[in-house]
Amino acid sequence: MIKAELDARFREIRDKVESETRLSLDDGIFLYEPQVPLQAVGELANLVRERKNGNVGYFNINTHLNPTNVCVYRCRFCAFRSDLRDPKGYAMSDEQVLERGREATENGCTEMHIVGGLHHQRPYEWYRHIVEILKQGYPQIHLKAWTAVEINWFEFQTKKSIRWVLEDMREAGLGSMPGGGAEIFHPEVRDQLCEHKANTHAWLEIHRTAHEVGLKTNCTMLYGHVEQAYHRVDHLMRLRELQDQTGGFQVFIPLAFHPENTKLSDLKKPSALMDLRTMAISRLMLDNIQHIKAYWIMLGIETAQTALAYGADDIDGTVRHELIYHDAGATTPQCLSVDAIKQLITEAGRVPIERDTIYQEVIRDPSDFTKWSIGRSLEPVAAT
Ligand code: V47
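To start, this report covers the structure provided alongside it. Just so we're clear, the structure is a prediction, and the values are computed from it rather than from any experiment.

### Topic: helix H9 (residues 200–212)
- If you check H9, its first and last C-alpha atoms are 18 Å apart, about what 13 residues at 1.5 Å a residue would give, namely 18 Å.
- Within H9, the full set of buried residues consists of Thr200, Ala202, Trp203, Leu204, Ile206, His207, Thr209, Ala210 and His211.
- Against the buried residues of H9 lie helix H6 (148–158), helix H7 (162–172), helix H8 (187–194), strand S5 (217–223), helix H10 (229–246) and strand S6 (249–256).
- One side-chain oxygen of the residue at the start of H9 lies 3.2 Å from the amide nitrogen of His201, identifying that residue as Asn199.
- Of the residues trailing H9, Gly214 is marked for its positive phi of about 95 degrees.

Okay, here's the thing in structure tokens:
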């Protein structure tokens, strides 16, 4: 495309964004063209970000729990999974699970992010029991647990419906669902990455049902491996379509592929430029999802900070015990202190606000940091 055509096409998109007109599949693909300056895409995304979320940078205090890494599936992008008889394989005891709850409470965590492998020999009741004992022991902590891939596995194990599984898990203590397992929806790519696990239809139906029963969920996209721009934008459009129907997604998290120790280790990790472009295009395409998360564990601290000016308004949490990215070669720290996370948001020119999992303000007891209460809902904070 010659420069004049390129400029005219970009102006068309800018007019759409300024007038709050929805972008098309072709618009999204065009914005991935390397000749379209990244900074210009970022400026547009920042406009939307400030319109939707003002000058705020959200974070939470959270911890991860991966009760087992043993998994029946062999996704090519995963460095975390283990075979049943591999010495690396583990499954936690109740004591180990409860110890994590105790540690989370001591650290003032408001959220536990719980996901793991689909263990060949652990029944549905084992997964339910983990949620139940944590909720009984530590009722204040929100349990954001099980991706749609796990829910799909529980359906298979129990021979019950999605709705039954979700309602049963909620009764045990499930608070919301994380966004993992989405990878890339387009079958041309999904079949190359993880042909056996929950397909696109199943992933979307599980999130639809979660929204119908009143559970909030998150959504993700794994990029920077074998996919093309078309597949990424198609993925975003499928999420946008479901959100039009249910409104149940809270936040979108673009996840950059980390190749180390995976079956795709010959690929290069996506560049920071690709990370920022994907962040910005996600913000522009997903006009109906309130938040975009720059997951610092996977992006690195500097890119996550920059992403706060490229469409992101959330940085995830302080995090503890993260394994999925660290097993795949992430060099980010294991966790950040609350002061450090506030500092990185402030340094990026944003105002740090601690949220809980479902975007309510967290008010800390000034005399005891580990005690907290829930304040106002933070949805939505419009620019003034
Ligand atoms: O589904 C696995 C991805 C996801 C690799 O909901 C990999 O708030 C890159 O979903 N390189 C799990 N990515 C993580 C996830 C998540 C993270 C943070 C916040 C939330 C949320 C959700 O990680 C998997 C997969 O898409 N993944 N292996 C890898 N080697």
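Once you've had a look at it, read on.
### Details of the packing of helix H4 (residues 94–106) against helix H5 (residues 124–137)
- Between H4 and H5, the least distance of the axes is 10 Å, while the angle of their chain directions is 45 degrees. By the angle between their axes, H4 is oblique relative to H5. Crossing of H4 over H5 shows right-handed handedness. Every residue of H5 that contacts H4 at Asp94, Val97, Leu98 and Gly101 is listed here: His129, Ile130, Ile133 and Leu134.

### Concerning the pattern of salt bridges
- In this structure the tally under the stated criterion is 26 salt bridges.
- Where Arg22 meets Asp244, a salt bridge forms, and the shortest distance between an N and an O atom there is 2.8 Å. A residue pair is termed long-range when its members are at least 10 positions apart, and Arg22 in the loop between helix H1 (3–18) and helix H2 (25–31) and Asp244 in helix H10 qualify at 222 residues.
- By relative accessible area, Arg22 is classed as partly exposed at 33%.
- Look at Asp244 and you get partly exposed, because its relative accessible area is 47%.
- A salt bridge links Glu111 to Lys144, with the nearest nitrogen and oxygen atoms 3.3 Å apart. Here Glu111, found in strand S3 (residues 111–114), pairs with Lys144, found in strand S4 (residues 142–145); they are 33 residues apart in sequence, far enough to count as distant.
- Overlapping salt bridges, with partners in common, bring together Arg9, Glu12, Lys16 and Asp27 in one network.

### Some remarks on the sheet that holds strand S2 (residues 62–65)
- Within the open sheet, the 3 strands sit side by side as S2-S3-S4. Their pairing is parallel. The outermost strands of the open sheet, each flanked by one partner alone, are S2 and S4. The average angle at which neighbouring strand axes cross in this sheet is 25 degrees, direction not considered.
- Direction of pairing for S3 relative to S4: parallel, over a ladder of 4 bridges. The partner of His113 across the bridge, within S4, is Lys144.
- Along the sheet, H4 makes contact with S2 and S3, crossing S2 at roughly 170 degrees.
- Sitting on the sheet, H5 is in contact with S2, S3 and S4, with an inclination near 165 degrees to S4.

Calculation rules
- Residues numbered from 1 in each chain as written.
- Predicted model: local features only at pLDDT ≥ 70, side-chain atom pairs only at ≥ 80, totals over all residues.
- Heavy atoms only, no water.
- Helix = DSSP H or I, 4+ residues; strand = E, 2+ residues; numbered from the N terminus.
- Expected span 1.5 Å × (residues − 1).
- Buried < 20%, exposed > 50% of the residue type's maximum accessible area, 1.4 Å probe, protein only.
- Contact = heavy atoms within 4.5 Å.
- Polar contact = N/O pair within 3.5 Å; in protein donor to acceptor, adjacent residues only side chain to side chain.
- Axes fitted to C-alpha atoms, helices over the stretch in contact; angles between N-to-C directions.
- Parallel < 35°, antiparallel > 145°, perpendicular 65-115°, else oblique.
- Left-handed = near helix turned anticlockwise from the far one by under 90°.
- Salt bridge = Lys/Arg side-chain N within 4 Å of Asp/Glu carboxyl O.
- Pairing = 2+ DSSP bridges.

Without other data, these values stay purely geometric and don't point to any function.
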